[in-house]
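Breakdown of the fold
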Amino acid sequence: MTKHEGAIGVIMPRDIPAPDIVPFARRAETHGFDELWVAEDLGYRGGLTQAATVLAATTRIRVGVGLLPAAARNVAFAAMDIAGLAQLHPHRIDIAVGHGMPAWLRGVGAWPKSPLTLLSEYITVLKALLSGRPVHHDGQYVRIDPLRLHESAVPAAVPAVLAGVRGPRSLAVSGDVADGTLLAEPVTPAYVREALKHIAPTRPHRLAAWPPTTSRRSTTTPPSRWRPSAPPWTSS
């Protein structure tokens, strides 16, 4: 018999009222969800801020940030923030990095000429920094003069870095440099099979996906009645 390992998670609505964030996270944990994912959409709350809040308010549930646009943050400072979360909450944080929405990033003057090149360089350097390795990178977009996180800042449990991508060439980049892929919604079994052809992983590679009926918008439903009906699922 084939054994399928996976996890079931829930998405934090991007427009949830601030006072409801902690109750939502705690309720998800109480209901037995394995993971809670927070989004970073332009004009809403930052992903790392939400993740830090949820991690501090819960004890077990894993928290995924999906996704951080590669063009929005200097990779060295992103690594410092992520490493800090991973140290304080070991084995409970996952990070997805992607291109971001082109219109949003163009609107703030951050869209690169070659999103694929940026994503590949960014994830490669981010993973190296999080692992505590010295990094010197003189790429097209990412330039790091020799840098290594101080030993006091290197997490014992290095978090997984996924690529949040959609197209065939981006999926191939994910297979080359990332620990997993956060697939763009809506996700169907056929889409997963096709995506895996392009990812073509040669080592363990995690998939995270949202079903077609999932919404990231909140409603006026009070916390006591929240019942996520279409959570994201992940599989190793």
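For the structure itself, consult the block above.
Calculation notes
- Residues numbered from 1 in each chain as written.
- Predicted model: local features only at pLDDT ≥ 70, side-chain atom pairs only at ≥ 80, totals over all residues.
- Heavy atoms only, no water.
- Buried < 20%, exposed > 50% of the residue type's maximum accessible area, 1.4 Å probe, protein only.
- Helix = DSSP H or I, 4+ residues; strand = E, 2+ residues; numbered from the N terminus.
- Arc of directions from axis to C-beta.
- Contact = heavy atoms within 4.5 Å.
- Salt bridge = Lys/Arg side-chain N within 4 Å of Asp/Glu carboxyl O.

1. Looking at helix H1 (residues 21-30)
Those residues of H1 that fall on the buried side of the exposure criterion are Ile21, Phe24, Ala25, Ala28 and Glu29. Along the long axis of H1, the arc covered by the buried residues comes to 135°, so they all point the same way. Those residues of H1 that are buried are in contact with strand S1 (6-11), strand S2 (35-38) and helix H2 (47-57). The first or second residue beyond H1 is Gly32, which carries a positive phi of 90°.

2. Some remarks on the pattern of salt bridges
A full pass over the atoms with the stated rule returns 8 salt bridges. With a closest N to O distance of 2.3 Å, Arg206 and Glu35 form a salt bridge. On the criterion of sequence distance, the pair formed by Arg206 in strand S9 (residues 206-209) and Glu35 in strand S2 is long-range, its members being 171 residues apart. Owing to a relative accessible area of 14%, Arg206 belongs among the buried residues under this scheme. With a closest N to O distance of 3.5 Å, Lys197 and Glu194 form a salt bridge. With a gap of 3 residues between them, Lys197 and Glu194 both fall in helix H7 (residues 189-199), about one helical turn apart. Judged by its relative accessible area of 60%, Lys197 is exposed.

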